[in-house]
Amino acid sequence: MSTIPARLARSAAISSSPEEARKRVIQLYRDWYRSAPEICSLYALNVTPAYVRHCIRAHFEENRYVTDTRVIDVLIQKGRQEYQETLNCWKQLDHIMGILLAPRGRPQRTFLQKFYEGRDEDAVLPAATGIVHPKAV
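Rules used throughout
Residues numbered from 1 in each chain as written. Predicted model: local features only at pLDDT ≥ 70, side-chain atom pairs only at ≥ 80, totals over all residues. Heavy atoms only, no water. Phe/Tyr/Trp six-rings, centres within 6.5 Å; stacked < 30°, edge-to-face > 60°. Helix = DSSP H or I, 4+ residues; strand = E, 2+ residues; numbered from the N terminus. Buried < 20%, exposed > 50% of the residue type's maximum accessible area, 1.4 Å probe, protein only. Lys NZ or Arg CZ within 6 Å of the ring centre and 35° of its normal. Salt bridge = Lys/Arg side-chain N within 4 Å of Asp/Glu carboxyl O.

J.: Tell me about the packing of aromatic side chains, residues and numbers included.
T.: Taken as a whole and judged by the stated rule, the model has 3 aromatic pairs. Between the aromatic rings of Trp-32 and Tyr-83, the centroid separation amounts to 5.4 Å while the plane-to-plane angle is 65°, which identifies the pairing as edge-to-face. Within this pair, whereas Trp-32 is found in helix 1 (residues 18-34), its partner Tyr-83 is found in helix 4 (residues 69-87), the two being separated by 51 residues in sequence. Look at Tyr-83 and you get buried, because its relative accessible area is 9%. Site record: aromatic cluster; members linked through ring pairs are Tyr-29, Tyr-33 and Phe-60. Taking NZ or CZ as reference, Arg-53 lies 4.6 Å from the ring centre of Tyr-33, over its face.

Take a look at the structure:
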C-alpha cells in the first residue's frame, strides 16, 4: 500500500456529549482493530495479529474510566495521530514493539531496591491526598 499522508487524516472534533465521544472512541478502536493484520505485514512483526489486537485492547482499557469529554477528545486525537503515523509507516520497528506492544506497568521493586534509591514510596503520602500521617500528628 502506498503512503498517502492525507488518506487517514481526520479533522479535530469536539464531542458535544459523552455519547458522541463514546461513538468516536468505538470508531477509533475499530479502525485500530481492523488494521492489526496490516500493521503486522507493514512492519514484518514476528507477532500474530491477535496479539496486536490484544495490546490495542489493553491500551484502550487503560483509559476506560475517563469521563471528562475534553480529556476523551484529547485521547482520541492522540490515538488518531498514532494510528495515522503507524499506517503511513512513519514509525520504526522499535517504536511499534516498544510503544504499542510493550506493557506499560512499572516493575515491582523489592524493599532493598527502594532502600538503595533512598525512599520508600509506600510510607510517603503525597500532600494532595489530604490524609494526615498518624505519626505526624
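J.: Describe unusual backbone geometry, listing the residues and the values that go with them.
T.: Leaving glycine out, the prevailing phi sign among residues is negative, and the prevailing peptide bond configuration is trans. With phi around 50°, Ala-44 is a residue other than glycine that occupies positive phi space. Turning to its location among the elements, Ala-44 is positioned in the loop between helix 2 (36-42) and helix 3 (49-62). A positive phi angle, close to 60°, is found at Cys-89, a residue other than glycine. Inspection of the secondary structure puts Cys-89 in the loop between helix 4 and helix 5 (93-100). For Cys-89, a relative accessible area of 35% gives the class partly exposed.

J.: Tell me about the pattern of salt bridges, residues and numbers included.
T.: Tallied over the full model, the rule gives 7 salt bridges. The partner of Arg-64 in a salt bridge is Glu-61, with the nearest N and O atoms 3.1 Å apart. The exposure class of Glu-61 is partly exposed, given its relative accessible area of 32%. Lys-91 is the salt-bridge partner of Glu-82, the closest N and O atoms lying 2.6 Å from each other. With relative accessibility at 26%, the residue Glu-82 sits in the partly exposed group. A cluster of three or more residues bridged by salt bridges with shared partners is formed by Arg-57, Glu-61 and Arg-64.

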